[in-house]
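Residue-level listing of the chains:
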Amino acid sequence: MAVFDTPQEAFGALRPVCVQLTRAQTVENVARLQAHLAAVSASALQELQEYVLFPLRFALKVPGPKQERLVQSVVQCISSVLAATCVKKQELLQELFSELCTCLSPPSGSGRPAPLSEELKLAVIQALHTLMHSAYGDVILSLYQPSTLPLLGFAVSLLLGLAEHEKAKQIKISALQCLQVLVLQCDCQEHRHLDEDEAQQCGDLFASFLPGISITLSRVITGDIKQGHKTTVSAIRLFYLIVGLVMADAQLARIPKNKEKLPAEQSRISELTVHRGPDWSKSTAEKLSLLLHKMVEFSSVHPHWKVRLELVELVHQLLRNCSQSLVDSFSHLLKALVGLVNDENSEVQSRCNEVLQGIAEQRIVAQNRALADVLSENLHSLATALPRLMNSQDDTGKVSTLSLFLGYLKLLGPKINIVLNSVSHLHRLSKALMQVLELDVTDVKIVEDRRWGCESACRPSGSLQHGVQKGRCQKKYFRFFTEEKVFQLLQQVCRVLGYYGNLYLLVDHFMGLYGESGMYRKQAAMVLNELIAGAAGVGVDVLQEREVALNMDDLKGSITSILDEYTDQANWYLITSIDTEEISHEHSVQHSGLTARPGACSSILLPSPELHVTTRTMNSNIWQICIQLEGVGCFAAVLGKEFRLLLLSALYPVLEKAGDKTLLISETALGTLVDICEACSYDSLQRLINENSDYLVNGISLNLRQLAHQAHASQVLDTMLRHSDASLLPLVEDVIQDVLSTLDQSYNNQASTFLRVLHSVMAALVQWFGSSCGEKHRQRQTAEWQSRTLSQGQHMVTRQEVEQFFLDYVRQKQIAEGNLPDAGDEEADEIPPLAKLEPNDSATEGETSLPSHAQLAKDVMERCIHLLSDGNLRVRLKVLDVLELCVTVLHPHGNHLLPMAHRVWPALVTRLISDDPLAVLRAFKVLCTLAQKCGDFLRQRFSKDVLPKLTSSLLSQAPASARAGPVYNRTLAFKLQLAVLQGLGSLCEKLDMGESDLNKVADACLIYLSAKQPMKLQEAAQSVFLHLMHVDPDSTWLLLNEVCCPHQYEPPHTSLRPVKLSGMGRQRNEFTDNVLLLLERLQQRE
């Protein structure tokens, strides 16, 4: 609360200190006056304003040098007085303005700013700022008369000098803000709004300062980035405010053509004023265009977002106020605006979109053909330079360039057809996209990555759709850029073209490029996919709605034509790999001018054999197929349920690619199938396949009859089986029988292709029926064993049961030896009494009809028996894989499995003892499966035909593996040793081998307990002895103790002889560690 509220009281208190300050101009006296002013009310101080200011002004006017501290304190005191009062006299305003400016003036004759302290400069600037705010509206206008032009010019030059040359950020910012107030463009609401005439008068005056202000501000804006973003923001704001005032279209329209003549006494002043006539406007606009170009280039890539935001405001203000006078600057201004549409900062992006939205709503471009022409020319120039820029710029520059490109398209909006209807423009635009979107096809890994059928067959149902959705869009690698943001901008460019452009024209043009050259095919397909998405309004960001709504019939027609082109044989069946094994034994047939090779892994239609296919070509083909598959998924998403009408032509080819051996293609195809499920409202891939299985099965059946299309049909069937359930089996059963019939007629020619189909079928049957049937079989065996145990515990075995046991034994032995009795005799002699005695016996099971899946497995196993001796190693390997699956499916049906096992045994033994190591490895795996499923049925055969060879092989290979180095672990011999050792123990246990055979196994495996053997072989040998412990623990214990006996066994009585084992007292050797470990495990079991 002020102490002195009346002028009289205030005068009494202030008079002594004012007189004292007038007599002696010291810092202390100024501080004393400042302290007294704090106790005076604003109303009282307003009455005493000139009285209080007199000693302060007098202190500034005293001739001679003055201390900077004194001047600073005086200026700060004046500022405090002006802040609390209002300047009501024109003379006082002008005098104070002049006196404050003089404080900053350099020494006479010096062109540089005065060497003053930063504190003094800041105080003077703030005092000028306060002075301009303390003057009344009419009083302030007195400063903006032609007569005061020199004084204004002096102040402007001082402030510009400080803004440009000072290093202190606060001084630079304060000087720019003071200049903004000086040109009556202050941000505050205190000043009275200028009417039209007053604004015109100020514009005439400021035109004199425009060159100096604009040039200096452009240097500040493009200056060192270390000056901070606030300085740059203030300079940009001041630039567009002063230019927007002086070059305003509304003001220039009222300027007379000729300059008015002033009286003679004002002739000197008239030389300083500028006539804003047409010539001056044109000349100034040309010079400003150069400055704007320089400023735009610098500010649009400024690292601070507030600078870029202020640049958007500059463009907005100049386009709004100076659209006619600065017409030459349109290209720079629009470049700045559209280039920031996709700025990384959300506020810049939002404000830029608002400005562009305003331009679109006002239809500035739509109603201004000249502006549309400027935009289209800019677009043409940028499209011409785009490939060069994308090849030379860094990622930041590429993002900026493409943001500009996209912005031009968005700003053109519905007028984009001006560009598309010009042959030159469309050609340049499309070729630019073709070059920029060129893929990098040098990665060999794309070709090397393969899909293995077993991986997909073992995948649990229901996991596919979720797994594919996580990353179905394949990451592409481009030749000219690596940044994902660049690709996203290119996608938006294509979608905006599709949204606004003539869809038929665009599709026709890019389809022409698609067929014109293999160089452009992948890029054209990418563009076509994005055009369709954009036309449907999917994922496209635009400023305004299109003038004509989308016609779904047109969209569907375009999609149909693209889909037909994609799935054409020449574009769908491309070389993606060359499997020499599969094509070396195939007969080629001519089809559509190409060589058809049904055995090819990923393709059927190959060029002529003499054509050399490079890795780059295969990589390129893989990406083309993937892009086309992504296009099918995009088309499905666009059409929704309407795409169901196109499933007849689209689903079969996509299922083909889902079964492709190239990993990238199969994954992309699965993603496309998920897209189709979502678009067509199928809740799962299984349902999609099942509900369309009728025509799919028909297509498979027809193609299996054509040599060139059999591999394709096998891929479709493989995909259907892998991703469906048992309900599909009745639908495809006839097709599988057709495959078996065709295989019977062409063992030499088509075995490889058909075995792939049979492997898919059997893998599906194992997945659908293997676990459930096996579980039922185990439960039935357990129940029978429990019932037998219970019956044995309740009563004695009868004569009939003993007789039945031996009859069953004789029957099983005859079956095992292949001496099957005549069917009639069997029915007459054996079946009736057995049926009476044991209604649930296995003999009855043999007569019952097999389930369809088991019968199918039996039929397939019949073919495998014949093919096990095929001359092609790969065929034999596939047959062994299929055979193992057949055994698994037939497991619950022992009366059918055992005769088949009897028939397959000779060929299997040949594979085990005299074949390529790869085949031996696979055959041993089949043998383990047979042993697990057939049990002691194979005991005698295994003991006689296989075991001697296995043990001799293990013994002969042991010395080599003992002295081998670490590389040996990667050899085929090691893998074979490891497989045999890992499976031999379980074989002995499953087959319930006799003592002599167990001794052979133990002797052969004992050497692998040596510490010299590779660690994995030692572990596998340990597993053999662990199994032997289950079969014959006593013999195993004795054998191990003969090698190393850790304990001395004392007889319990003196009459008994002491136990002597060979292993007692032996020194530690290479077998000790493993033997002790096994003995410890054996003791734990007991």
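Just above sits the structure.
Residues numbered from 1 in each chain as written. Predicted model: local features only at pLDDT ≥ 70, side-chain atom pairs only at ≥ 80, totals over all residues. Heavy atoms only, no water.

Enquirer: Would you explain the packing of aromatic side chains in this entry?
Expert: Each aromatic ring pair is summarised here by two numbers: the centre-to-centre distance and the angle between the ring planes. One pass over the structure, following the stated rule, counts eleven aromatic pairs. Residues Tyr-566 and Phe-635 carry aromatic rings whose centres are separated by 6.1 Å and whose planes lie at 20° to one another, so their mutual orientation is stacked. A residue pair is termed long-range when its members are at least 10 positions apart, and Tyr-566 in helix α30 (residues 552–566) and Phe-635 in helix α33 (residues 615–639) qualify at 69 residues. Where Tyr-968 meets Phe-974, the ring centres are 5.9 Å apart and the plane angle is 75°; that geometry is what we call edge-to-face. For the pair shown, Tyr-968 and Phe-974 are each scored as buried. An aromatic cluster of three or more residues is present, and its members are Tyr-144, Phe-206 and Phe-209. We note Arg-521 situated over the ring of Tyr-514; from NZ or CZ to the ring centre the distance is 5.6 Å. The aromatic ring of Tyr-682 is capped on one face by Arg-644, whose charged end is 4.3 Å from the ring centroid. (Phe/Tyr/Trp six-rings, centres within 6.5 Å; stacked < 30°, edge-to-face > 60°. Helix = DSSP H or I, 4+ residues; strand = E, 2+ residues; numbered from the N terminus. Buried < 20%, exposed > 50% of the residue type's maximum accessible area, 1.4 Å probe, protein only. Lys NZ or Arg CZ within 6 Å of the ring centre and 35° of its normal.)

Enquirer: Looking at this model, I keep getting lost on the nonpolar core. Mind explaining?
Expert: Soluble globular proteins tend to bury their nonpolar side chains together. If you look at the biggest cluster of nonpolar residues, it comprises 342 residues, and the most contacted ones within it are Tyr-144, Leu-314, Phe-643, Phe-942 and Leu-984. No other element matches α33, which puts 13 residues into this core. Excluding residues within four positions of it along the chain, Leu-314 makes contact with Ile-236, Phe-239, Tyr-240, Leu-292, Met-295 and Leu-333. (Core = buried A, V, L, I, M, F, W, Y, C linked by side-chain atoms within 4.5 Å. Contact = heavy atoms within 4.5 Å.)

Enquirer: Is there a simple way to explain the packing of α33 against helix α34 (residues 647–658) in this structure?
Expert: For any two helices packed against each other, one specifies the crossing angle of their axes together with the interaxial distance. Relative to each other, α33 and α34 sit at 140°, their axes nearing to 11 Å. Taken together, the axis directions place α33 and α34 in an arrangement best described as oblique. Crossing hand, α33 versus α34: left-handed. Here Ile-625, Leu-629 and Val-632 of α33 come into contact with α34, specifically with Ala-650, Val-654 and Lys-657. Of the residues belonging to the contact of α33 with α34, the class tally is five nonpolar, no polar and one charged. (Axes fitted to C-alpha atoms, helices over the stretch in contact; angles between N-to-C directions. Parallel < 35°, antiparallel > 145°, perpendicular 65-115°, else oblique. Left-handed = near helix turned anticlockwise from the far one by under 90°. Nonpolar A, V, L, I, M, F, W, Y, C, P; charged D, E, K, R; others polar.)

Enquirer: What's the story with unusual backbone geometry in this structure? I'm lost.
Expert: Note on backbone geometry: most residues besides glycine have negative phi, and most peptide bonds are trans. Phi is positive for Leu-184, close to 60°, though the residue is something other than glycine. Take Leu-184: it is sitting in the loop between α10 (169–182) and α11 (196–207). Positive phi, normally seen in glycine, also occurs at Ser-681, with a value near 65°. Its place among the elements puts Ser-681 in the loop between α35 (663–679) and α36 (685–691). Taking relative accessible area as the criterion, Ser-681 reaches 35% and is therefore assigned partly exposed.

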